[in-house]
Amino acid sequence: MIVFKVSYKVVRNNSDEIYKGFGFHHLSDATQYYVHPDNQSFKGTTTLCQPIGEAISLFATMLQSCVTGDGFGDYYVSEDRKMIWIEMNVPQEYRTQGVVEDQIYKYRAVSESGEVTIAAYDSRGVWIDGNMEHLHPLYKLLPTFCVLLAREMEEQSDYRNVMDSFIENPVADVFVNLHEDFYQMHKNEEYEVTYADIPELDKDSYRSFSDGYKVIKSNKESMKQKMDASDIIVFADSTFHSEMKQWIPNLPKEFILPENLKSICSAVTKGDLRTILFHGPAGTGKTMSCKLVAQEIGLPILETINCTENLDEFVLGKFIPEEDKIVFIESYVTKAIRDGGAVVFEEINFAKPQHLAFLNSLLDDNGFVRLDNGEVVRRNENFRFFATMNIGYFGTKELNQALYNRFNGIIEIAALSDEAISRMLVTRVPECKPVVDKILGVYHKIKKKIEAEELDIVISPRNLENWARLAKYDGYMNAAERTIIPIAKCDRMLENTFRGIIILYKWS
C-alpha cells in the first residue's frame, strides 16, 4: 500500500480540520509557508492532508512528553537501526474530539524492512481484537505514520533537527515543513501494513528516544554551566595607549554578545586565538561578532577592510609624494601589526589571492610582514586578525588551504535569533513594535522559500530594518515594494510570491 498517497483520500467524517494543526484543513493549500524542491504537483503547490498532519501533532506530543518526563510514550530503536518500536498513550482529548475511536487508549507500532505492524488497545490495555476493517482508515494511518516519523528521526538528521525545533516551539511554518518533507521524500514508497497484537518489547537491548534526549540535554546543560561560570579575561588597561583606545568598539545597547562567543573571548585576550575566521550566510552579523568580541575584551579594531572593494596591493602601505620627496606611509593594518590591536577583513574569499599573500607570513608562528620599503615588521603579541566570509555565494572563491589552515579558530555564525532581530528592530525603529512578530513571520517565510529553491538571493535583518523605517511614512504594504520585493531581483513570479506572503498579515 502506498500509504502516503492514500492519506490524501482519507478524511474524518466529523471534521476536515487537522486537529492541533494551526487551523489547517484537509487539502489546505500551504504554499505560502513552504514548497519542497521535489514537489511535482501540477501547480507546484504544498497541500496538507489530515492523516499526516494529525500524526505529526500526535507524535510531537509524545516527544514533548519524553522531554518533560510525563510518560506519555516513547519509541525504541534496535542496535542495527533496522527496527523501530513505538508505544504511546492516546490523550483523552483525542477521543473527545473524535480524532480516534472511543475505545482506543493506546497504540503500538513496529516498522521493519518496509513492513509496518500496528495495534490498538482499550482502557484496560487489552488488544482490540479483529482485523483492520473495524477501524476507520484514518485511525489506522495515525500509528502507521507515527512509527514512520520515528524512523525518519533516526535516519535523517536534518529532519530530526526540524522536529526538535517544532517540539520546543510549535509554529505553523515548521509544521508545514515537517508535513511536506515527510510526504515528498516517501510519497511513492510501498508498505505492507498489518493489524496484529504486538507483544511487550525487551527494552534492555534497544535505545529509546527519551534516553538519547537525556544525554543531549545533559550535555547542553553542562556546556551552558561552563559558559556561565567562566569569567571573561580582558586586556589590561595599560596594554594599549590612549590614542588606540578610541578604536575599541562602542556599540549600541541593542547588540549583545551571544552566549556561544563568550567562551572565545578569553582565548583571544590570552593569545590562544590570534586569528579567527567567522563564516555564515549574509546578514547574520559576522562583522558585528568581531566587534562584539573586541568590545567585550577591550581590543581596538584599527581597520575594517571590505575585500570586495578596498583590498589592493597597497594594503600594508604605499609610497606617496610629500613636498620634494617620496615617502612611505604605512597603513592602519601595518600599525596594528606593529603596535597591537585588531584588523577585520570582510568577505576575505572575494579577495584576489595575490593581495592576500602577505598573510601567510603574518599568520605564521613567527609572524612578520615585509613592507615595500624593505622594512620587516614583526607581529606584536597583542595583534589579532579577524576575517569573515560567505560560503558558496556568487563571486566568492575557495580560500587557499594554506591560509585557511593558519586560522586558530573557525566559527560558524548562524542566523540571528528572533529575539536578537526583534530587539534590534524595536530599538532602532520603536514604531514597529506592534507588528514586529509579523515582520519576523514574513522574514522566515521568505527565507524558507529562498532555501527550498536554492535561489541566489538573500533577505537579511538589514532589509527588515529598511522596511520598518520606510513604513513609518508609506505603510508596510507600500514600503515592502521598495525594500522587500526588490530582493527578488525582478523575477516577477517571485515578486508575486513575496507579495502573497506579506498580504497574509494585517498591517494596520
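Residues numbered from 1 in each chain as written. Predicted model: local features only at pLDDT ≥ 70, side-chain atom pairs only at ≥ 80, totals over all residues. Heavy atoms only, no water.

What follows is about the overall build of the protein. What the protein contains, in helices and strands, is 18 helices and 15 strands. With respect to the principal axes defined by its C-alpha atoms, the protein has extents near 105 × 55 × 35 Å. Taking the intrachain contacts of the protein between residues at least 6 apart in sequence as the baseline, contacts between residues at least 24 apart amount to 71%. Surface exposure of the protein reaches about 25200 Å², of which carbon and sulfur atoms provide 48%. Considering the protein, the positive charge centre built from 56 side chains and the negative charge centre built from 75 side chains are found 4 Å apart. (Helix = DSSP H or I, 4+ residues; strand = E, 2+ residues; numbered from the N terminus. Contact = heavy atoms within 4.5 Å. Areas by Shrake-Rupley, 256 points an atom, 1.4 Å probe, with all protein chains shown as cover. Lys, Arg positive; Asp, Glu negative; His and termini not counted. Charge placed at Lys NZ, Arg CZ, Asp CG, Glu CD.)

As a further point, take the side chain of Q50. Checked against the element boundaries, Q50 lands in helix 2 (residues 50–68). At 3.0 Å, the side chain of Q50 forms a polar contact with the backbone oxygen of S15. (Polar contact = N/O pair within 3.5 Å; in protein donor to acceptor, adjacent residues only side chain to side chain.)

Scanning all chains against the criterion turns up 27 aromatic pairs. Both rings, one in Y76 and one in W85, keep their centres 5.9 Å apart while their planes meet at 65°; by these two values the pair is edge-to-face. Neither residue differs from the other here; Y76 and W85 are each classed as buried. Geometrically, the ring pair formed by Y159 and F182 is tilted, given 6.2 Å between the ring centres and 40° between the ring planes. (Phe/Tyr/Trp six-rings, centres within 6.5 Å; stacked < 30°, edge-to-face > 60°. Buried < 20%, exposed > 50% of the residue type's maximum accessible area, 1.4 Å probe, protein only.)

Relative to the 16 Å expected for 12 residues at 1.5 Å per residue, helix 5 (residues 157–168) spans 17 Å between its end C-alpha atoms, a close match to the ideal helical length. For helix 5, the set of buried residues is Y159, R160, M163, F166 and I167. In an axial view of helix 5, the angular spread of the buried residues amounts to 120°, which keeps them on one side of the axis. Facing away from the buried surface of helix 5 by more than 90 degrees, the exposed residues are D158 and E168. (Expected span 1.5 Å × (residues − 1). Arc of directions from axis to C-beta.)

Moving on to the sheet that holds strand 15 (residues 409–412). If you trace the five strands from one edge of the open sheet to the other, you get 8-11-14-7-15, paired in parallel fashion. On the outer flanks of this sheet lie strand 8 (301–306) and strand 15, each paired with one strand and no other. Along the sheet, successive strands turn relative to each other by an average axial angle of 15°, direction set aside. Bridge count for strand 8 against strand 11 (residues 341–346) is five bridges, and the pairing is parallel. Paired with E303 across the two strands is V343, which belongs to strand 11. Contacts between helix 10 (residues 286–297) and the sheet are confined to strand 7 (275–279), strand 8, strand 11 and strand 14 (383–389), with strand 14 contributing the most and set at about 160° to the helix. (Pairing = 2+ DSSP bridges. Axes fitted to C-alpha atoms, helices over the stretch in contact; angles between N-to-C directions.)

A word on the sheet that holds strand 3 (residues 106–112). Strand order in the open sheet made by the six strands is 5-4-3-2-1-6, with mixed pairing throughout. Of all strands in the sheet, those bounded by a partner on one side alone are strand 5 (192–195) and strand 6 (207–208). Across five bridges, strand 1 (residues 73–77) lies against strand 2 (residues 83–89) in antiparallel orientation. Opposite G73, over in strand 2, you have M88 as the bridge partner. Together, strand 1 and strand 2 form the strand contacts of helix 2, whose direction differs from that of strand 1 by roughly 90°.

Before going further, it helps to spend a moment on the nonpolar core. In this structure, F59, Y75 and M163 are the most contacted members of the largest nonpolar core, which totals 64 residues. For M163, the residues in contact, after removing those within four places along its chain, are F59, L63, L149, M153 and L178. Membership of the second largest hydrophobic core comes to 56 residues, among which are L277, L363, I411 and I413. (Core = buried A, V, L, I, M, F, W, Y, C linked by side-chain atoms within 4.5 Å.)

In this section: a negative patch on the surface. Together, E79, D80, E112, E115 and E192 make up a negatively charged patch on the protein surface. By the element assignment, E79 lies in the loop between strand 1 and strand 2. (Patch = residues over 30% accessible without salt bridge, like charges linked within 9 Å, V, L, I, M, F, W, Y side chains within 5 Å. Salt bridge = Lys/Arg side-chain N within 4 Å of Asp/Glu carboxyl O.)

Of note, S7 is situated in the loop between helix 1 (3–6) and helix 2. On the basis of relative accessible area, S7 is assigned to the buried category, the value being 0%. Within the structure, the side chain of S7 is placed 2.5 Å from the backbone oxygen of F4, a separation counted as a polar contact.

Turning our attention to the pairing of strand 5. The side chains of a regular strand alternate between the sheet's two faces. The alternating pattern of strand 5 places V193 and Y195 on a buried face and E192 and T194 on a face that is not buried. Sheet topology note: the strand 4 (residues 115–121)/strand 5 ladder contains four bridges and is parallel. When the sheet's bridge partners are listed, T117 is paired in strand 5 with T194.

Looking now at unusual backbone geometry. The phi dihedral of R81 is positive, around 65°, even though this residue is not glycine. R81 sits in the partly exposed class, given a relative accessible area of 44%. Positioned with a positive phi, E323 is a non-glycine residue whose angle comes to about 60°. Structurally, E323 can be placed in the loop between strand 9 (317–322) and strand 10 (325–330).

A full pass over the atoms with the stated rule returns 23 salt bridges. The partner of K106 in a salt bridge is E87, with the nearest N and O atoms 3.9 Å apart. You can see K106 sitting in strand 3 and its partner E87 sitting in strand 2, a full 19 residues away along the chain. In this structure, the salt-bridge partner of E189 is R151, at a minimum N-O distance of 3.7 Å. Here E189, found in the loop between helix 6 (172–186) and strand 5, pairs with R151, found in helix 4 (residues 137–155); they are 38 residues apart in sequence, far enough to count as distant. Relative accessible area serves as the criterion here: at 29%, E189 is assigned to the partly exposed category.

Once that is clear, we can look at the packing of helix 14 (residues 418–428) against helix 16 (residues 461–474). Orientation of helix 14 relative to helix 16, taken along the N-to-C sense of each, is 30°, at an axis distance of 10 Å. In terms of their interaxial angle, helix 14 and helix 16 are classed as roughly parallel. Crossing of helix 14 against helix 16: the hand is right-handed. In contact with I421, M424, L425 and R428 of helix 14, helix 16 contributes P461, L464, E465 and R469. Residue classes in the contact of helix 14 with helix 16 are distributed as five nonpolar, no polar and three charged. (Parallel < 35°, antiparallel > 145°, perpendicular 65-115°, else oblique. Left-handed = near helix turned anticlockwise from the far one by under 90°. Nonpolar A, V, L, I, M, F, W, Y, C, P; charged D, E, K, R; others polar.)

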